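Report on the structure
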Amino acid sequence: MRPSSSHTFHALPYHAVLLIPYLFVLAWYFNHEPDTGTFLGMFRAPRFAGESMLADNSTALSFMVFGTALALERPTEYLRRADPMSAIRMGRDRRRLLRYGAIVVAYSAAFTLPQLAATFLLVKVDDMGAMLAGACCAWWSLSVALTVTNIGCMAGNRAAGYLVPLLMAAACAGIPGVQRMFLGVVPGTQVPCWVPALALLTCISAAINAALYHHLDII
Amino acid sequence: MNVRIHALTKVIRRKTVLDRVEAEFEPGVIYGVTGANGSGKTMLLRAICGFIRPTSGYVSIDDRPVEFNRRLPERIGIIIETPGFANHRTAWQNLTDLAEINGDFDEAETIRLLTLFELVEHRDDKVRSFSMGMRQKLAIVQALMEHQRIILLDEPTNGLDRYAVHAFMEEMRRQREQGRTILIASHHEMEITEIVDRMCVMDQGRLTMDG
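Owing to the predicted nature of the structure, the values given are computational and were not obtained by experimental measurement.

Quick look at the overall build of chain A now. A tally of regular secondary structure across chain A gives 10 helices and zero strands. Along the chain direction, N to C, the helices and strands of chain A fall in the order α-α-α-α-α-α-α-α-α-α. Taken over C-alpha atoms, the radius of gyration comes to 18 Å for chain A, in line with the 17 Å a tight globule of 219 residues would show. The principal-axis extents of the C-alpha atoms in chain A amount to approximately 60 × 40 × 30 Å.

Below, the discussion takes up the packing of helix H3 (residues 58-70) of chain A against helix H8 (residues 158-174) of chain A. All names here are of chain A. Remark: H3 packs on H8, axes separated minimally by 10 Å, with the N-to-C direction vectors making an angle of 165°. Viewed along their axes, H3 and H8 adopt a mutual orientation that is roughly antiparallel. Note that H3 runs across H8; the crossing there is right-handed. Here Leu61, Met64, Val65 and Thr68 of H3 lie close against H8, whose contacting residues are Tyr162, Leu166, Ala169, Ala170 and Ala173. Across the contact of H3 with H8, the residue classes break down as eight nonpolar, one polar and no charged.

So, on to the interface of chain B and chain A. Each side of the interface is counted separately: chain B has 30 residues, and chain A has 22 residues. Taken over both partners, the interface formed by chain B and chain A buries close to 2200 Å², and the fraction arising from carbon and sulfur atoms is 57%. Sorting the residues of chain B by area buried against chain A places Phe51(B), Asn69(B) and Ile101(B) first, and these three jointly supply 25% of that buried surface. There are one salt bridge connecting chain B and chain A. Note that Lys10(B) is salt-bridged to Asp217(A), the shortest N-O span being 2.6 Å. Inspection of the region where chain B meets chain A yields three residue pairs in polar contact (both at pLDDT 80 or more). Elements supplying a minimum of two residues to the side of chain B that touches chain A: strand S1 (3-12), helix H1 (41-49), strand S6 (76-79) and helix H2 (91-102) of chain B.

Our focus in this paragraph is the sheet that holds strand S4 (residues 56-61) of chain B. Residues and elements named next belong to chain B. What the four strands build is an open sheet, ordered S2-S1-S4-S5; its pairing is antiparallel. If you trace the sheet from one side to the other, it starts and ends with strand S2 (15-25) and strand S5 (64-65), each paired once. In terms of strand pairing, S4 meets S5 through two bridges, oriented antiparallel. By the bridge assignment for S5, Ile61 is matched with Arg64. Its contacts with the sheet place H1 against S1, S2 and S4, and it is angled at close to 65° to S2.

This paragraph deals with helix H7 (residues 128-154) of chain A. Residues and elements named next belong to chain A. Along its 27 residues, H7 runs 39 Å from first to last C-alpha, staying within 8% of the 39 Å computed at 1.5 Å per residue. Burial runs high along H7: 19 of the 27 residues are buried. The opening residue of H7 is Asp127, an N-cap whose side-chain oxygen sits 3.2 Å from the backbone nitrogen of Gly129. Taken from the residues just after H7, Gly156 is the one with a positive phi, measuring 85°.

Time to look at the environment of Ala133(A). Residues and elements named next belong to chain A. Mapped onto the fold, Ala133 is located in helix H7. Look at Ala133 and you get partly exposed, because its relative accessible area is 30%. In this structure, the C-alpha to C-alpha distance between Ala133 and Thr38, residues 95 residues apart in sequence, is 8.5 Å.

Criteria and thresholds
Residues numbered from 1 in each chain as written. Chains lettered and ligands numbered in written order. Predicted model: local features only at pLDDT ≥ 70, side-chain atom pairs only at ≥ 80, totals over all residues. Heavy atoms only, no water. Helix = DSSP H or I, 4+ residues; strand = E, 2+ residues; numbered from the N terminus. Rg over C-alpha atoms; globule rule 2.2 N^0.38 Å. Axes fitted to C-alpha atoms, helices over the stretch in contact; angles between N-to-C directions. Parallel < 35°, antiparallel > 145°, perpendicular 65-115°, else oblique. Left-handed = near helix turned anticlockwise from the far one by under 90°. Contact = heavy atoms within 4.5 Å. Nonpolar A, V, L, I, M, F, W, Y, C, P; charged D, E, K, R; others polar. Buried area = accessible area lost by both parts, 1.4 Å probe. Salt bridge = Lys/Arg side-chain N within 4 Å of Asp/Glu carboxyl O. Polar contact = N/O pair within 3.5 Å; in protein donor to acceptor, adjacent residues only side chain to side chain. Pairing = 2+ DSSP bridges. Expected span 1.5 Å × (residues − 1). Buried < 20%, exposed > 50% of the residue type's maximum accessible area, 1.4 Å probe, protein only.

Below, the structure is given as structure tokens:
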């Protein structure tokens, strides 16, 4: 119902510390031939022959890993928090679930946008459309990853909640067939395959999150 | 309002926290619920509110089953564990925020309760400056301010000084006269004996009622 501001401010220094290794990753990326056509958080096919797919996607994987970690499960905490004083007056209403969704989306955007801005500032972008589409995909993928980790936390298996999005990201980054499917376009259209793929994952994740939310005891 | 517990069982991670609890709580009576820590007192109050999904059995209020995790049509005033106030808002703002949810704010009653618990002069202070006892008093005020029909209080005298405990006892008697159904859970049996009409004892999830 109400934000826990003191909690948020307490966490800020730790957030800053967690951000440092990611800033090193970004510094390395921008200093070593950054991709001029693909957003750094987006999966890409190897640019050079013989290059490992996983190595070439290390920034995309870092984007997902740090993006998920830096949230520090705050959205999950918000969703699970049930102050009896307000819960008894409101019940476990849908508004909280919707606000949780908005928090996840806003956090992912707040994580993605500065990096997109840095890319525009530091890199001579070849293909503006592809860069924006890549940023959109990275932002959406991160949102889905956060909701999947939330499923693990709410279902009492936090490790699985983190493992599943990590495996999904690794599959997109390192398995050629999966990556081709993800980065290809829907036959007969100009729509990238990641749009329906992420839409489907979003629906599945949202449905599971909603079911767990409504079935979870307020203990 | 009549609260009935029908063979209520709750198992959490293979541990039976409520074990076939049967009870009936009538209006105009103060019930005390005692028992050691972890005996199931708080879980019983949560079950009455619909905060937990029973493994079997159910709770009914005036013969209507309480639905799990749903807003209750009946007004329940409650304190369970640490009261979660917004620290950056004043005591008064916290109370009005909560009252706005039900859309029924009785300013005169709220001021009466704040005065009773010696908080009226601190009503414009931010809750972050409150001591534990002051927070507890504020929690009692929020539990009573909307003329709730059922009052569930878990360890309500935690952190209260002698004057506040006395004020609390007097207020409970007043609420009883108004026909409220009152449950007070405490592991300090002696502390609540003075005001309760009937005492219930929780032991390993089982409830026995005296008298």
